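# Coordinate inspection notes
Spelled out, the chains give:
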Amino acid sequence: MEAKPTNFIREIIDADVASGKHKEIVTRFPPEPNGYLHIGHAKSICINFGIARDYGGRCHLRMDDTNPTKEEREYIESIQTDVRWLGFDWGPHEYYASDYYQQIYEHAVGLVREGKAFVCHLNADQMREYRGTLTEPGKQSPYRERSVEENLDLFARMKNGEFSDGHCVLRAKIDMTSPNMNMRDPVIFRILRASHPRTGDAWCVYPMYDFAHPLSDAFEGVTHSICTLEFEDHRPLYDWVVRECRPVGGTPRQIEFARLNLSYTVMSKRKLLRLVKDGLVSGWDDPRMPTIQGMRRRGYPPTALRAFADRVGVAKRESTVDLALLEYCVREDLNKTAPRVMAVLNPLKVVITNYPAGETEQLEAVNNPEDPAAGKRQVPFSREIFIEREDFMENPPPKFFRLAPGREVRLRYAYFIKCAEAIKNAAGEVTELRCTYDPATRGGDAPDGRKVKATLHWVDAGCSLAAEVRLYDKLFTRENPEAGPEGTDFSANLNPDSLKVLSDCRVEPHLAAAQPESRWQFERLGYFCVDNDSAPGKLVFNRTVTLKDEWAKIQKRGA
RNA sequence: UGGGAGAUCGUCCAAUGGCAGGACAGCAGACUCUGGAUCUGCUUAUCUAGGUUCGAAUCCUAGUCUCCCAGCCA
């Protein structure tokens, strides 16, 4: 159950609904198709689609594709895949800013006609000079007072491809002395002889974001255009464009909220790109990446991501959410949904000396104690099994409850066993345990009522399957990867232990046909999902997140 | 030293002049065939200084700190 959130944006919408300002609430998620979506986008997607859902309105998926030099088809598809995977449906409302090029162009012509835009021949350096600084006003372009006719002609020639890239631009005529830099006659169209992923070579002028975005919103009847804080300064320009162009559709209102930051990771496209390009991770879908594809491959369920988005809330204060909250949401979800199974990551052989050789029996195990409907399964048991190496200590410290010489523990769903002897190799390492079992404890309960302090997971030596398990941890060692010593950047804070590959793991036979992306709890270890690299006979699992681990905490305290 | 925005437990979000509350994290305990889950309890916060008011996180004044803006990126 996802509790219905409330926040300042919804309060604005509530007021707009109450006043009758809008009949229907329309939002939009407007990614630029120049990279992969990450958890920050997921927050925005949940806000926009969530509002549409809760207010009985609609949310458009609009590609903000106004810069052909940076955008690619590949990204459009990955964005759609990710939004769908997150569980949202834009129905027929799939739009592209590029579909509006003609209308946007016409509105620019309209501005020119009304003397509110002009063609400027200042080059980039000159324009920067004329723009002034944060504390000094800018100067008017010498081209600012050209006649409407000349501007019309020049803009038409820009569009017709008569000029080279950067030869001139179309600027809105607003106010060079404005303290808001965005209002100092901003460029609204530039010449770009680049092939566009959708319009090909049909255009050689492309609108700037500040011009295309408000118009696109208006065309689509978007009522609330929700974006991040850095666009706050653009709002006066957004409103100017809508006011001056009077587009058919409606008058959208821009509202800004604080983007999501997550501890122990980086979120900007630039830095994510560097991780990929420098080979610091295996790709955009590396399970350590905060990308939606990375989290998907890691095994985070979409329902958990949505719950997370609800829990972090929406506000204007910039903040960094603790990764622990995300992990909590993932565990909360998987605890209810992931079937339990037994797997041994670091196998230690155990021979049960009083168990008949050559015999195998089937024991009944519960698939999910949180979900009776998940049913039960059989797990094979015989004289030789594997347990987790960590579950045995020859000289156990006080709070270690697991197996030790002379100690009795329970094998989950099986029997009580008692350790008789630890066999070591020449190096003094324990290579095998000799134990005895109590046949009366079959299933895991002692008829005489005696208790054990620990229950261990295990797999049958003969029937279990080999598997590779990839243990993932935080990508960075610092909460804020940027906050390293002087002269270093985030790459200096990469966690060298963020990935450990274990190639000699054993899992119970129930997992033989486990499908890629299926999620499981390995009892006592954590949640794992089948990686896409997995194949029958060559199982590969990714650790999604560990279980909460009291023993690890005790150990850490002692250390 | 221009303009815009924001400051509440360790973290995130609420309280819209009337007992500062929730979640995560942390700590302690209960329970447990997962040292999981569940349950119980506890610790911890209004940026500062003035003012208005019976009463201020909220209103006013002055300050402090943080973030954003000088792309023909979005």
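For the structure, check the block above.
Quick look at the structure, then. The structure displayed is predicted, hence computed values, not measured ones.

### Thoughts on the environment of M183
For M183, the position within the fold is in the loop between strand 5 (169-172) and strand 6 (187-191). Residue class for M183 comes out buried when judged on its relative accessible area of 12%. Sequence spacing of M183 and P236 is 53 residues, and the spatial spacing of their C-alpha atoms is 7.7 Å. Those residues in contact with M183 that sit more than four places away from it in its chain are I174, D175, S178, P236, L237 and W240.

### Observations regarding the sheet that holds strand 18 (residues 408-411)
Spatially, 21-18-19-20-14-17-22 is the arrangement adopted by the seven strands of the open sheet, whose pairing is mixed. Strand pairing shows two members of the sheet lacking a second neighbour, strand 21 (455-456) and strand 22 (458-460), which therefore form its edges. Pairing analysis gives three bridges linking strand 18 to strand 19 (residues 416-424), with the strands arranged antiparallel. Of the residues in strand 19, the one forming a bridge with E408 is K418.

### Digging into the pairing of strand 14 (residues 347-352)
Note: strand 14 against strand 17 (residues 384-388), five bridges, orientation antiparallel. Paired with L348 across the bridge in strand 17 is I387. Bridge analysis of strand 14 against strand 20 (residues 430-437) gives four bridges, and the strand direction is parallel. The residue bridging V350 from the neighbouring strand is L433, located in strand 20.

### Some words on the protein's contact with RNA strand B
Around RNA strand B, the structure places 68 residues, and the nearest of them are E11, R317, R402, R410 and G443. The sugar-phosphate backbone supplies 65% of the atoms of RNA strand B found within 4 Å of the protein. Contacts to RNA strand B include G166, whose backbone N or O atom sits 3.3 Å from a base nitrogen. Of all the elements in the fold, those that place two or more residues in the surface near RNA strand B are helix 5 (124-131), strand 6, helix 11 (302-312), strand 11 (319-321), helix 12 (323-337) and helix 13 (550-558). Counting residues per element, the surface near RNA strand B draws most heavily on helix 13, at five residues. Its residues assigned to classes, the surface near RNA strand B shows 25 nonpolar, 14 polar and 29 charged.

### Observations regarding the sheet that holds strand 26 (residues 526-530)
Taken in spatial order, the seven strands line up as 12-25-26-27-23-24-13 in an open sheet, and their pairing is mixed. At either margin of the open sheet sits one strand with a lone partner, and together these are strand 12 (340-341) and strand 13 (343-344). Examined bridge by bridge, strand 12 and strand 25 (residues 519-522) share two bridges and lie parallel to one another. In the sheet register, R340 faces strand 25, and the bridge partner there is Q521.

### Quick word on helix 5
The backbone nitrogen of D125 has a side-chain oxygen 3.0 Å away, supplied by the residue at the start of helix 5, namely N123. In the segment just after helix 5, G132 is the residue with positive phi, at about 80°.

### Examining the pattern of salt bridges
Applying the stated criterion across every chain, the model contains 47 salt bridges. For the salt bridge of R377 with E508, the shortest nitrogen-to-oxygen distance reads 2.7 Å. Remark: E508 occurs in the loop between strand 24 (499-507) and strand 25 and R377 occurs in strand 16 (residues 376-382); sequence separation between them is 131 residues. The class for R377 is buried, based on a relative accessible area of 5%. Judged by relative accessible area, which is 4%, E508 ranks as buried. Between D448 and R450 there is a salt bridge, and its shortest N-O distance comes to 3.1 Å. Overall, R450 belongs to the partly exposed group, its relative accessible area being 28%. One salt-bridge network, held together by shared partners, links D285, R297, E468, R470, D531 and D533.

Conventions adopted
Residues numbered from 1 in each chain as written. Chains lettered and ligands numbered in written order. Predicted model: local features only at pLDDT ≥ 70, side-chain atom pairs only at ≥ 80, totals over all residues. Heavy atoms only, no water. Helix = DSSP H or I, 4+ residues; strand = E, 2+ residues; numbered from the N terminus. Buried < 20%, exposed > 50% of the residue type's maximum accessible area, 1.4 Å probe, protein only. Contact = heavy atoms within 4.5 Å. Pairing = 2+ DSSP bridges. Near = heavy atom within 4 Å. Polar contact = N/O pair within 3.5 Å; in protein donor to acceptor, adjacent residues only side chain to side chain. Nonpolar A, V, L, I, M, F, W, Y, C, P; charged D, E, K, R; others polar. Salt bridge = Lys/Arg side-chain N within 4 Å of Asp/Glu carboxyl O.

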